[in-house]
Amino acid sequence: ALRSQGYFPVYLRVDYGHDSPEPAEQIKQAIGKAATTGEWTQTGVASSGESIWEFLHHRDDVLKDSSGATLIPLLIFDQFEELFTLAQSDEFGRTRAAKFIEELSDLVENRPPKALETKLETDESIAERFDFSRSDYRVVIALREDYLAPLESLKKMMPSLSQNRLRLAPMTGSQALEAVLQPGNRLRPGKPLVSEEVAEAIVRFVAGGSELANAEVEPSLLSLICRELNEQRIAQHRAEISQDLLAGSHDTILSTFYERSLADQPESARRIIEDDLLTESGYRENLAEESLLRRFQAAGAASDALAKLVNRRLLRIEERLDVRRVELTHDVLTGVVKASRDQRHEREAREATERALAEQRERENAARRALRRARTIAAGCAALALLALAAMVAAVLSVQRARHAEEVARQTRAVSEQARQEAEGLLSFLTDDFVSELETFGRYQTIAELSQREIDYFQNLPPQLKDPETVRSGALALMNHAEALQYLGNLDAAAKNATEAVALLEALRRTDRSEATTIALGRAYQVRSSISGAQNASVRADAARTVALLRPIARTSASPVGARRAYVEALNTLGFQATSTDQAELNTEAVGFEREAVRLAQQPGSRRGDDPKLATDYATAAAWLSLALANLGRSAEALRVGRDGLAVADQIVAQRPQYGEAVLAKEILQSTLGQAAHNAFDPSDAVRLSMQSVQTGLAAVRLEPKNTEYVGDLAFMYGGLGVDLWAAGQLRDSLAYDRKALDAFGQSGASLGGGGYSLAGVSDYLATMAYEQALLDEPAGISATTKAADAFTSPSMLRKLGLAGSYTEAFVDAMRSYPAAALAYERGDFAAARHIVGDALASLQTRRPSGALEISLRDDALYRLSDLEGHAEYALGAFAAAEQAERVALRATQGAATYAFFDPRRTEGQVATWLSMALARQGKRAQAARTIDPVVTTYRRLEKQNHGDQWLPLEYAEALYAQSLTDPAHRAALLRQASGLVAHLIPAIARLHDTREWRARIEAARHAGRGVTAQ
């Protein structure tokens, strides 16, 4: 059509890359190539290095067709938006783009370039080569509508931009039909690419089935569908696009486009596009260009991968608030991208399952081989045990007969004593080495049965026959039985046996200070400490006793393995206790404990797995050492130690898949590494590791379903995964795992001996879930959560656990009221929220906490309730009351149990933000500034370290808003930065009530100017 009207169309798409010629040269080459095809002739010769204006203003350079008619050059610049996207990726591109715009502006406005004017000043003869009056050329610029704003910025250099403009709006059915029919028919007269019948089918297809009269067609989608159909036609060597090519679905054609776009890209690039540029629910997401390039590079994609995907129109780049961001080109692609992601997830899950099954089969085969060996040993040892027991019975009977026959007694006693000693020696082997072997295969029931027989023998033995060796063997049998019962879930009986073993050995040590008795007593203290931990009781005293008793022995080069194991386990207990807080001095203490534990457990055999128990102790020590280092901010060292420990744990579990302690060590290490990733603001990696820890935790529970320690640990794994998903912006998935954590905490607390700690965990998760469900405005969800928690925190349960009338009971009651207060606040009923919280805080004052656990619970309750009270008071304009409440909350954050998963800097920062706002509203600007300035400094540093935490920008924006109230000189800049941060939140967070309130608060302050009103 253009040619018939005397135009010489040249289709141009400028390449701004390093390897391409200058844009002006690209344009001249394109014109020259078209002009030498034989259809047109061109007079005049172009000079290299000329501008576009010079090239098209040669006095003798005229384009003519074969008939001699003069043609008007028509330069069509397609995808002109790349000038504002791809060309801006580096300094080279920006320089090249600026030069191109200058040359194009000269051409459009028909003004000689400045360089030519300079030449004319020195050589006027040059002017004879150019026709300054001619303007026989046309320029068409085509770009996406969302780049009109950047295009407008060129009007100063190119005023003609605003004179002629056409917008491609959604087409009617008839317009779309014309767009399908005419290009192919004019390209091949008499041999159309598409018939009218097929063209109508294509239009109806794109319009979603609407008839032509009612159809509204999206041009970009129509263009994409037509291009894909033509690609299929070419691939099948067809002369035209037929009806059967359209038989595939809408998604099939889009899928073909998507697959072809990624055909030469690595699988990792597809993964990044599907996971990072699409929300969980299937909406377009955007990502900063530098972040995407960094991820592409890390994934092994080529350096030009992004440019290729933009050129193929799969991705687009646009600038928002001075940040270049990448997203899918159109919403029509989200369906196929999500489908591809879902299929990949299914495939990965299937492959992971198949790998896991293969690994499990291999482990089972290895376990069967080992179990056959263990059964052989067990059968032999059981036979020996029966012989030993028979010998002991014979010995006892002999002793009794000896009372009636004095002459024979001396000989009989000697024989009996020898038999008894030999039998007890055999039992000692059974009690120690063989039980240790059985334990690594998870044969706790067998251990319980064997040790119970030993206990029965010991208890029925006459007192005069109980020498120190016998007492130690009896105590060791009690310890083994206690540990077996602990793993089988009978904590009360386990605790009773452990206490009895301690009493026996404490009494023996008063008269026997031998090394053997000292080691046995140290081990007894450690066993009782472990069971106390499972009961959520104090463990530090017994662990410290073990360390004090065994330190002189365990540190020697020839220390017995049993002494070293018990000593390492006690160090692990003390180290774990010290890592449960954010206090630097305690974590430094933990590092000392765990470094020594690692050193003592790191024997050559332990790393090879020759001693599974010691290797497991090594892995556990590495876990707590890694966590302590992470708490101290030594992330690189924490990751190194954690990965080393995980390699050891993996090796043990591969050899002994039934060894619960090794599985637990692996679970802890995966969780610790996940926590390190969380602390590094990388929620994606944290989710991956936390998911692994959950799977390992489930495996541990499957081994011992009644083991409340395993169930409680699984609850923590669920909770950690919930926190990581929340940080990643996957709010619904986070709530699902929080609920799993709540249920698991309840199960561990509902078992006998569950204690106040598990009930506190249930109550804490109730508060966490209620707050999150209130943010999402889900009253039904809050009701279900509260009901689920009531099953584990009822008055009858509190009485059963001996907690009626305790501070723990007051804490549980206070946390029950928190959901209603949170929901009232989120729904704008601030007075009701304040009233509910006030009553809960008042009830807490009626009781005093006792011990470290209840003090931690008090701080947790005060932090949560007072912070919510402060928010409500602030919303009601009671700024002095808000200040008081937030001060209480800020003090309470120092010991709040919520620090188990949350960064204390951010917890304190959020409370300090509200405190600063309350101070500023009272005119206490200096105090407010002292409160908020360090918070903003911290958030500024954290934001630079952020690798995907979706909440950090909102928290930073809140702090900037608070600082704007204290700093009039920089108020506008602070509010502008805060507004930018909020504007780029992901949809899942952006649509929350709290986020909308903050956005309104910030924007109101921006428009209020100097007189900032209370918001």
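None of the values given here were measured: they were computed from a predicted structure. (Residues numbered from 1 in each chain as written. Predicted model: local features only at pLDDT ≥ 70, side-chain atom pairs only at ≥ 80, totals over all residues. Heavy atoms only, no water.)

Student: Please explain the overall build of the protein chain as it appears in this structure.
Tutor: Within the protein chain, the regular secondary structure consists of 41 helices and 10 strands. Considering the protein chain as a whole, with its 1015 residues, one finds that 51% of them fall into the buried category. For the protein chain, long-range pairs separated by at least 24 residues make up 68% of all intrachain contacts whose partners lie at least 6 apart in sequence. A total of about 45600 Å² of accessible surface is found on the protein chain, and carbon and sulfur atoms cover 52% of it. (Helix = DSSP H or I, 4+ residues; strand = E, 2+ residues; numbered from the N terminus. Buried < 20%, exposed > 50% of the residue type's maximum accessible area, 1.4 Å probe, protein only. Contact = heavy atoms within 4.5 Å. Areas by Shrake-Rupley, 256 points an atom, 1.4 Å probe, with all protein chains shown as cover.)

Student: Whenever I open this one, unusual backbone geometry confuses me. Can you help?
Tutor: Phi angles above zero are rare outside glycine, and histidine 237 is one such case at about 55°. You can see histidine 237 is positioned in the loop between α8 (219–235) and α9 (250–261). Despite not being glycine, aspartate 777 shows a phi value in the positive range, around 55°.

Student: Got a minute to help me understand the pattern of salt bridges in this structure?
Tutor: Pairs can form between side chains of opposite charge once their charged atoms are near each other. Applying the stated rule across the entire model yields 38 salt bridges. Residue glutamate 267 pairs with arginine 270 through a salt bridge whose shortest N-O separation is 3.8 Å. One end of the pair, glutamate 267, and the other, arginine 270, are both in helix α10 (residues 267–276), three residues apart, so they sit about a helical turn from each other. The partly exposed category is assigned to glutamate 267, whose relative accessible area is 39%. Aspartate 860 serves as the salt-bridge partner of arginine 864, at 3.8 Å between the closest nitrogen and oxygen. With a gap of four residues between them, arginine 864 and aspartate 860 both fall in helix α34 (residues 851–875), about one helical turn apart. Arginine 864 sits in the buried class, given a relative accessible area of 8%. Residue class for aspartate 860 comes out buried when judged on its relative accessible area of 1%. Several salt bridges share partner residues, and in doing so they unite Glu259, Glu267, Arg270, Glu274, Asp275 and Arg344 into one network. (Salt bridge = Lys/Arg side-chain N within 4 Å of Asp/Glu carboxyl O.)

Student: Is there a simple way to think about the confidence of the model for the protein chain in this case?
Tutor: When pLDDT drops low, the exact placement of atoms in the prediction is not to be read closely. Considering every residue of the protein chain, the mean pLDDT works out to 79; 82% of them sit at 70 or more. The weakest mean pLDDT in the protein chain belongs to helix α22 (residues 604–608) at 50; the strongest belongs to helix α38 (residues 952–964) at 95. Low pLDDT, under 50, characterises residues 422–426; the stretch is placed with 10 contacts to residues that sit more than four places away or in other chains. (pLDDT = per-residue confidence, 0-100.)

Student: For this particular structure, what's the right way to read the sheet that holds strand β1 (residues 7–12)?
Tutor: The pairing of strands in a sheet happens through backbone hydrogen bonds and is either parallel or antiparallel. Pairing is parallel across the open sheet formed by three strands, whose spatial order is β1-β4-β5. Strands with a single pairing partner mark the edges of an open sheet, and in this sheet they are β1 and β5 (138–141). Adjacent strand axes in the sheet meet at a mean angle of 20° when their direction is disregarded. The pairing of strand β4 (residues 72–77) with β5 spans four bridges and is parallel. What sits directly across from isoleucine 76, in β5, is valine 140. The sheet strands contacting helix α3 (residues 91–108) are β4 and β5, and the helix crosses β5 at an angle near 130°. (Pairing = 2+ DSSP bridges. Axes fitted to C-alpha atoms, helices over the stretch in contact; angles between N-to-C directions.)

Student: In this structure, what is going on with helix α24 (residues 635–655)? I would like to understand it.
Tutor: Given 3.6 residues per turn, any residue in an α-helix points the same way as the ones three and four places further on. Here α24 spans 30 Å end to end across 21 residues, near enough to the 30 Å set by a 1.5 Å rise per residue. When α24 is considered as a whole, its buried residues turn out to be Ala638, Val641, Gly642, Gly645, Leu646, Val648, Ala649, Ile652 and Val653. (Expected span 1.5 Å × (residues − 1).)

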